[in-house]
Amino acid sequence: MEKETGNGCERCCKTKERTEQEYKDLIHRLNRIEGQIRGIKGMVERDAYCPEILVQVAAANAALNSFNKVLLASHIRTCVARDIREGKEDTIDELVATLQKLMK
């Protein structure tokens, strides 16, 4: 769940406690993406053929998009749903702003 620290800056001080399984899943996805990026870097360093690099970049982008979908779904099911139940309507504005950033 999200919690706020007492530092006065609501936006930068929000955190979310995740279940151990959710944490492991997100970290596993990020580790795979990190490996893909290192692989792309290696391809550039070895002067790999451009289309081969582009295909790997597309795969990394797809993995990042998948990560975003999982994280967004979790956020909506937990933080957003809780805040709406608690009458925190500004969470809807925050969600809309986030979605607009994701859809650029």
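Look up: the structure comes first, before these words.
Residues numbered from 1 in each chain as written. Predicted model: local features only at pLDDT ≥ 70, side-chain atom pairs only at ≥ 80, totals over all residues. Heavy atoms only, no water.

All right, on to the environment of I76 then. Structurally, I76 can be placed in helix α3 (residues 50-85). On the basis of relative accessibility, which here comes to 36%, the residue I76 falls in the partly exposed class. Sequence-wise, I76 and L95 are 19 residues apart; in three dimensions their C-alpha atoms are separated by 8.3 Å. When sequence neighbours within four positions are dropped, the list of residues in contact with I76 reads A81 and L95. (Helix = DSSP H or I, 4+ residues; strand = E, 2+ residues; numbered from the N terminus. Buried < 20%, exposed > 50% of the residue type's maximum accessible area, 1.4 Å probe, protein only. Contact = heavy atoms within 4.5 Å.)

Moving on, we get to the side chain of S74. Looking at where S74 falls in the secondary structure, it is placed in helix α3. Exposure remark for S74: the relative accessible area of 12% places this residue in the buried category. For S74, the contacting residues outside a window of four places in its chain are K16, E22 and C79.

What follows deals with helix α2 (residues 20-45). When the terminal C-alpha atoms of α2 are compared, their 37 Å separation across 26 residues agrees well with the 38 Å that a helix rising 1.5 Å per residue should span. Among the residues of α2, E22, L26, R29, I33, I40, G42 and M43 are the ones counted as buried. D47 sits one or two positions beyond α2 and adopts a positive phi of about 60°. (Expected span 1.5 Å × (residues − 1).)

With that settled, the discussion passes to the side chain of K16. Mapped onto the fold, K16 is located in strand β2 (residues 14-16). We note that K16 is buried and unpaired, the nearest opposite charge coming from E22 at a distance of 4.4 Å. (Lys, Arg positive; Asp, Glu negative; His and termini not counted. Salt bridge = Lys/Arg side-chain N within 4 Å of Asp/Glu carboxyl O.)

Turning to unusual backbone geometry, a few remarks are in order. Notably, D47 is not glycine yet its phi reads approximately 60°, a positive angle. Inspection of the secondary structure assignment puts D47 in the loop between α2 and α3.

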